[in-house]
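This is what each chain is made of:
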Amino acid sequence: MKFDMSQVVRIGIDKLVLSGIKVESNRNSTITEGQGWIEEKLELKEELFSIVKSIKLYETGEMVEANYLRFNPNRLLHGHNISNARASELKKAVDLLIQKLGSKGISVDITDAKISEIEININIEAKFEEYKEVLILLFLKLPNLRKIGNLTLGKAYKKLFTDSTLDGGWQNHGVRAYDKRREVSDETVLSFDLLRIEWWLSSSSYKYYASKFDRDNILSSLLEDCDVLDLIFMDLCINKLFKGAYKYLEEEIIPELERAYLDFKKTNREAANKGKNPKRNVYKYLEENYWIFDYSYLIEIVSKHDKRHKGREIDRIKENYFHFNNKDKLSYLVEKILHP
């Protein structure tokens, strides 16, 4: 399948839930009674969308109407959600959805529609597996962190379950990073690697972040100006992912690596003084017991603490540990998100 890559590798909408819509229909509703209330509810769920109209009457006389429309603009327009929707695609998707609902006897007025839930994402042309360590660093300090794995049949035990999704966040907003190609799992639809980072925001969270940039949570505003998506997405990534990741690198990973290196060398000196055989290969020890993250940190350590053998050790590090190049990968992800 061919794609307009400008619509794929950009910040845009994946899913959307609208509230504040007006719904009229001659379709049958269901009546449910509870303690002190009675509810009339119309609900239609289909593959491309779902709509709910609920009117709840309490014995106090209070009446509450709640109407919701959930859909994925890209699936409506393209049959898949690989591309990301902006104002133009969103408007086309909304118009198409209103037509589809009309053909089913449901009239929808979106004049006063508000954003109840939204998923904003970016696709990056990268292999998820190659960026896993970087993503773990970004997600490590998030509350409610989950690593979700897929079963991979193979001989190596360590590769039996391969993580393909990282998920974490708060009650009213959260973030996921996952292997889009693995999720689609159909080479005829998606035949190249895509790493997706996706923020979900509830109504209150979207309203809060939109207001930070002098915007509101009204659908009509989003249809006129989708730049708010970029502003919200970047703000969340900077303050909830990037800052914490770089802080953890500087305050935890690098100092811990240096301490472990010095402890290893100290133990070997003490062993030699006692006539015992020292341990061999400090770098292998660090790889097996600590998080190297990037080979450049090893170079910084030997440059500081082993000046006598600096040249030899740097060559050794470059030859055997150059594949620990996550510093460049982290910079690449940051650049792609902040300058899509």
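Parameters at a glance
- Residues numbered from 1 in each chain as written.
- Predicted model: local features only at pLDDT ≥ 70, side-chain atom pairs only at ≥ 80, totals over all residues.
- Heavy atoms only, no water.
- Helix = DSSP H or I, 4+ residues; strand = E, 2+ residues; numbered from the N terminus.
- Rg over C-alpha atoms; globule rule 2.2 N^0.38 Å.
- Buried < 20%, exposed > 50% of the residue type's maximum accessible area, 1.4 Å probe, protein only.
- Contact = heavy atoms within 4.5 Å.
- Areas by Shrake-Rupley, 256 points an atom, 1.4 Å probe, with all protein chains shown as cover.
- Lys, Arg positive; Asp, Glu negative; His and termini not counted.
- Charge placed at Lys NZ, Arg CZ, Asp CG, Glu CD.
- Polar contact = N/O pair within 3.5 Å; in protein donor to acceptor, adjacent residues only side chain to side chain.
- Expected span 1.5 Å × (residues − 1).
- Bend = angle between axes of the 7 residues up to and from the residue.
- 1 Å grid on protein atoms, 1.4 Å probe; cavity = no way out; pocket = protein on both sides within 12 Å on 5 of 7 lines; lining within 4 Å.
- Points joined across faces, edges and corners; volume = space filled by probe spheres on them.
- Nonpolar A, V, L, I, M, F, W, Y, C, P; charged D, E, K, R; others polar.
- Patch = residues over 30% accessible without salt bridge, like charges linked within 9 Å, V, L, I, M, F, W, Y side chains within 5 Å.
- Salt bridge = Lys/Arg side-chain N within 4 Å of Asp/Glu carboxyl O.
- Core = buried A, V, L, I, M, F, W, Y, C linked by side-chain atoms within 4.5 Å.
- Axes fitted to C-alpha atoms, helices over the stretch in contact; angles between N-to-C directions.
- Parallel < 35°, antiparallel > 145°, perpendicular 65-115°, else oblique.
- Left-handed = near helix turned anticlockwise from the far one by under 90°.

**Q** An account of the overall build of the chain is requested, with residue identities and associated values reported.
**A** Scanning the chain from N- to C-terminus turns up 12 helices and 12 strands. Expected size for 340 residues packed as a compact globule is a radius of gyration near 20 Å; at 26 Å, the chain overshoots this value by more than 25%. Projected onto its principal axes, the C-alpha positions of the chain cover 90 × 50 × 45 Å. The buried share among the 340 residues of the chain stands at 44%. Restricting the contact set of the chain to residue pairs at least 6 apart, pairs at least 24 apart contribute 66%. Of the roughly 18,800 Å² that the chain leaves accessible, carbon and sulfur atoms contribute 47%. Computed over 55 positive and 54 negative side-chain charges, the separation of the two mean positions in the chain equals 8 Å.

**Q** How would you summarise the side chain of Arg 196 if you had to cite specific residues and measurements?
**A** For Arg 196, the position within the fold is in strand 12 (residues 195-202). Within the local environment of Arg 196, its side chain forms a polar contact with the side chain of Asn 121, the two groups lying 3.3 Å apart. Here Asn 123 takes part through its side chain, which lies 2.8 Å from a polar atom of the side chain of Arg 196.

**Q** How would you explain helix 8 (residues 227-273) if you had to name every residue and give the values?
**A** Along an α-helix, a turn takes 3.6 residues, which lines up residues three or four apart on a common side. Helix length check: helix 8, at 47 residues, gives a terminal C-alpha distance of 66 Å against a target of 69 Å (1.5 Å per residue), a fit within 8%. The sharpest bend along helix 8 reaches about 40 degrees and sits at Leu 249. The positive-phi residue at the C-terminal boundary of helix 8 is Gly 275, with phi of around 75 degrees.

**Q** Can you break down the layout of surface pockets residue by residue, with the values?
**A** Approximately 360 Å³ is the volume found for the largest pocket. Every residue lining the largest pocket is counted, 16 residues in all, and those nearest its centre are Tyr 261, Lys 265, Asn 268, Arg 269 and Asp 306. At the level of secondary structure, the elements contributing two or more residues to the lining of the largest pocket comprise helix 8 and helix 11 (310-321). For the lining of the largest pocket, the residue count by class is 4 nonpolar, 4 polar and 8 charged.

**Q** Which residues make up the side chain of Arg 10, and what are the values?
**A** With respect to the secondary-structure elements, Arg 10 resides in the loop between helix 1 (5-8) and strand 1 (12-19). Given a relative accessible area of 17%, Arg 10 falls into the buried group. At 3.0 Å, the side chain of Arg 10 and the side chain of Glu 89 are in polar contact. Setting aside residues no more than four positions away along its own chain, Arg 10 makes contact with Asn 84, Ala 85, Arg 86, Glu 89, Asn 121, Ile 122 and Asn 123.

**Q** So what's going on with a negative patch on the surface? Which residues, and what values?
**A** Together, Glu 250, Glu 251, Glu 252 and Glu 300 make up a negatively charged patch on the protein surface. One can find Glu 251 in helix 8.

**Q** Provide a residue-level description of the nonpolar core, including the pertinent values.
**A** With 89 residues, the main nonpolar core has Phe 71, Ile 118, Leu 135, Leu 138 and Leu 222 as its most contacted residues. Among the elements that make up this core, the one with the highest residue count is helix 8 (18 residues). Not counting residues up to four positions away in its chain, the partners in contact with Leu 222 are Ile 13, Ala 87, Leu 90, Ile 115, Ile 118, Tyr 206, Val 228 and Leu 229. Membership of the second largest hydrophobic core comes to 6 residues, among which are Phe 3, Val 8, Leu 190 and Leu 194.

**Q** Talk me through the packing of helix 8 against helix 10 (residues 295-305); I want residue IDs and the actual numbers.
**A** Where helix 8 meets helix 10, the closest approach of the two axes is 10 Å, and the angle between their N-to-C directions is 50 degrees. By the angle between their axes, helix 8 is oblique relative to helix 10. For helix 8 against helix 10, the interelement crossing comes out right-handed. Where helix 8 abuts helix 10, its residues Leu 249, Ile 254, Leu 257, Glu 258, Tyr 261 and Leu 262 lie against Tyr 297, Leu 298, Ile 301, Val 302, Lys 304 and His 305. Grouping the constituent residues of the contact of helix 8 with helix 10 by class yields 9 nonpolar, 1 polar and 2 charged.

**Q** Can you tell me about unusual backbone geometry, naming the residues and giving the values?
**A** In this model, Ser 185 sits at a positive phi of 50 degrees, which is unusual for a non-glycine residue. Mapped onto the elements, Ser 185 comes out in the loop between helix 5 (180-184) and strand 12. Overall, Ser 185 belongs to the exposed group, its relative accessible area being 61%. Backbone geometry at Phe 293 places phi at a positive 65 degrees, although glycine is not the residue there. Along the polypeptide, Phe 293 turns up in the loop between helix 9 (282-289) and helix 10. Of the residues examined, Phe 293 reaches a relative accessible area of 1% and is grouped as buried.

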